[in-house]
Structures are given as C-alpha cells and as structure tokens.
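A structural walkthrough
Chain by chain, the residues run as shown.
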Amino acid sequence: MQIAKVRGTVVSTQKDPSLRGVKLLLLQLVDEEGRIQQEYEVAADSVGAGVDEWVLVCRGSAARQILGNEQRPVDAAVVAIIDTVHVEDRLIYSKKDQYR
C-alpha cells in the first residue's frame, strides 16, 4: 500500500461495463515526509474518499481482492481514508488539522 492525496475525479462515459458505477479518483502519491510527489495514478474508490483527503491505495492483484473488484480491470484501489500519519514520533498528517 502507498499513501496518496486525492486531487480530483476521473469521469468516463465510455468504459468497460464492469466499471459502471465505480467512482474513479485521481491520486498524487505522498512520500514518508509528507511531500507530494509528481506521480499521479487513477484508482477505483471503495471508501467514499473526497478531494484533498489522504488515502491508502493498493495496487495490482491486491486491488482486485476488494469485494466487488474481483472481475474488474482495476490496477489500483483506494482502501482507506487516513486520519493521521506519524513517522518517528512526528506528526506528518492529521485530517482534522486540514479542515480548520
């Protein structure tokens, strides 16, 4: 799994039938210091994440282990919305501090 920040949504009217009704998010990866990286990724959202939230994203076969994704052509899936991230006793991210 990797930490990412939700930057936006991806809308597609023409897609594989198995992706109908699946919310797609545009994610930007985050490093261990909380710095936003240049890489972007599109992931299926199974937890209802929103723009600017930090999330956990899993990739590859792990993304297809989520209930409902087993038969979908999904390579990445958002599996959690992050509340806090601590690294070596330092607070890197706090959801509640983002919305004050």
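As a reminder, the structure under discussion sits directly above these lines.
Since the model is a prediction, treat every value here as computed from it, not as a measurement. (Residues numbered from 1 in each chain as written. Predicted model: local features only at pLDDT ≥ 70, side-chain atom pairs only at ≥ 80, totals over all residues. Heavy atoms only, no water.)

Scanning the protein chain from terminus to terminus reveals one helix and seven strands. Shown N-terminal to C-terminal, the secondary structure of the protein chain runs as helices and strands in the order β-β-β-β-β-β-β-α. Here the protein chain, with 100 residues, has 36% of them falling under the buried criterion. For the protein chain, the computed accessible surface area is about 6,200 Å², with 47% contributed by carbon and sulfur atoms. (Helix = DSSP H or I, 4+ residues; strand = E, 2+ residues; numbered from the N terminus. Buried < 20%, exposed > 50% of the residue type's maximum accessible area, 1.4 Å probe, protein only. Areas by Shrake-Rupley, 256 points an atom, 1.4 Å probe, with all protein chains shown as cover.)

By size, the foremost hydrophobic cluster in this structure holds eleven residues: Ala4, Val6, Leu25, Leu27, Leu29, Ala43, Ala49, Val55, Val57, Ala76 and Val78. With three residues, the single largest contributor to this core is strand β2 (residues 23-30). Counting seven residues, the second largest nonpolar core, distinct from the first, contains Val22, Leu24, Ala44 and Ala77. (Core = buried A, V, L, I, M, F, W, Y, C linked by side-chain atoms within 4.5 Å.)

With that out of the way, let us pick up the packing of aromatic side chains. Evaluated as defined, the whole model comprises one aromatic pair. On the numbers, 4.1 Å between centres and 5 degrees between planes, the contact of tryptophan 54 with tyrosine 93 is stacked. Note that tryptophan 54 is positioned in strand β4 (residues 54-59) and tyrosine 93 in strand β7 (residues 90-94), a separation of 39 residues in sequence. Among the residues examined, tryptophan 54 registers a relative accessible area of 6% and is labelled buried. (Phe/Tyr/Trp six-rings, centres within 6.5 Å; stacked < 30°, edge-to-face > 60°.)

Within the fold, serine 94 resides in strand β7. With relative accessibility at 6%, the residue serine 94 sits in the buried group. Discounting residues that sit within four places of it in the chain, serine 94 has contacts with Asp83 and Thr84. (Contact = heavy atoms within 4.5 Å.)

Time to look at the environment of tyrosine 40. Looking at the element boundaries, tyrosine 40 is found in strand β3 (residues 36-45). Between the alpha carbons of tyrosine 40 and valine 6 there is a distance of 9.7 Å; along the sequence they are 34 residues apart. Among the polar contacts listed, one links the side chain of tyrosine 40 to the side chain of glutamine 28, at a separation of 3.3 Å. (Polar contact = N/O pair within 3.5 Å; in protein donor to acceptor, adjacent residues only side chain to side chain.)

Its place among the elements puts lysine 5 in strand β1 (residues 2-10). Within the buried set, lysine 5 has no salt-bridge partner at all; the shortest N-O distance to an opposite charge, 4.0 Å, is to aspartate 52. Those residues in contact with lysine 5, other than ones at most four positions away along the chain, are Leu26, Leu27, Gln28, Val30, Ile36, Asp52, Glu53 and Trp54. (Lys, Arg positive; Asp, Glu negative; His and termini not counted. Salt bridge = Lys/Arg side-chain N within 4 Å of Asp/Glu carboxyl O.)

Time to look at the pairing of strand β5 (residues 76-81). Bridge count between β3 and β5: two bridges; the pairing is parallel. Residue alanine 44 lies in a different strand from β5, and its bridge partner there is alanine 77. (Pairing = 2+ DSSP bridges.)

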